[in-house]
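Structure at a glance
The lines below spell out each chain.
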Amino acid sequence: MGSYLSVHEGPARISKLGTAALEPGMILSNEPGYYKSGAYGIRIENCAGGSRRAGRRAEKPLNAFETLTLAPIDRR
């Protein structure tokens, strides 16, 4: 995260354009936001790291995400 000052660095991405498989150890950003039409927008960036976990009834290990950084959202 943050290498070469790129906004969205590859190869990992959750998108139709993504070509690389998500692997344990990859770090992704989750960017929730709120946009008021014609006024303003607020977006924060939380980082999540990929890890491998077995599901309860999974035939093979599943990928999961662990929160690395979290900016809390105050809904008031």
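Note: the structure precedes this text.
Thresholds applied
Residues numbered from 1 in each chain as written. Predicted model: local features only at pLDDT ≥ 70, side-chain atom pairs only at ≥ 80, totals over all residues. Heavy atoms only, no water. Phe/Tyr/Trp six-rings, centres within 6.5 Å; stacked < 30°, edge-to-face > 60°. Buried < 20%, exposed > 50% of the residue type's maximum accessible area, 1.4 Å probe, protein only. Pairing = 2+ DSSP bridges. Helix = DSSP H or I, 4+ residues; strand = E, 2+ residues; numbered from the N terminus. Salt bridge = Lys/Arg side-chain N within 4 Å of Asp/Glu carboxyl O. Contact = heavy atoms within 4.5 Å.

The next point concerns the packing of aromatic side chains. Scanning the model with the defined rule gives one aromatic pair in all. Pairing Tyr34 with Tyr40 gives two aromatic rings, centres 6.3 Å apart and planes at 50°, and the pair type is tilted. The class for Tyr34 is partly exposed, based on a relative accessible area of 47%. When its relative accessible area of 43% is taken as the criterion, Tyr40 is described as partly exposed.

The next point concerns the pairing of strand β3 (residues 40–43). Pairing between strand β2 (residues 33–36) and β3: four bridges, direction antiparallel. Note on β3: the bridge partner recorded for Gly33 is Arg43. Hairpin connection from β2 to β3: three residues lie between these consecutive antiparallel strands, with Gly38 at a positive phi of about 75°.

This structure, assessed with the given rule, holds one salt bridge. Note that Arg43 and Glu31 form a salt bridge whose closest N and O atoms lie 3.6 Å from each other. With a gap of twelve residues between them, Arg43 in strand β3 and Glu31 in the loop between β1 (27–30) and β2 connect regions that are remote in the sequence.

Note on placement: Asn46 falls in strand β4 (residues 46–53). Judged by its relative accessible area of 8%, Asn46 falls in the buried class. Expressed as a C-alpha distance, the spacing of Asn46 and Thr67, which sit 21 residues apart in the sequence, is 7.6 Å. In this view, Asn46 contacts Leu28, Ser29, Asn30, Pro32, Thr69, Leu70 and Ala71; residues no more than four positions away in its chain are not counted.

The next subject is the environment of Pro32. Following the sequence through the fold, Pro32 ends up in the loop between β1 and β2. Not counting the four nearest positions on each side in its chain, Pro32 is found in contact with Ile42, Arg43, Ile44, Asn46 and Ile73.

Turning our attention to the pairing of β4. Two faces belong to every sheet, and in a regular strand the side chains alternate between them. Burial of β4 is extensive: six of the eight residues sit out of reach of the surface. In this sheet, β4 lies alongside β1 in antiparallel orientation, the contact comprising four bridges. The residue bridging Asn30 from the neighbouring strand is Asn46, located in β4. Note: β4 against strand β5 (residues 62–67), six bridges, orientation antiparallel. Opposite Arg53, over in β5, you have Leu62 as the bridge partner.

Honestly, it's all geometry; don't read function into it.
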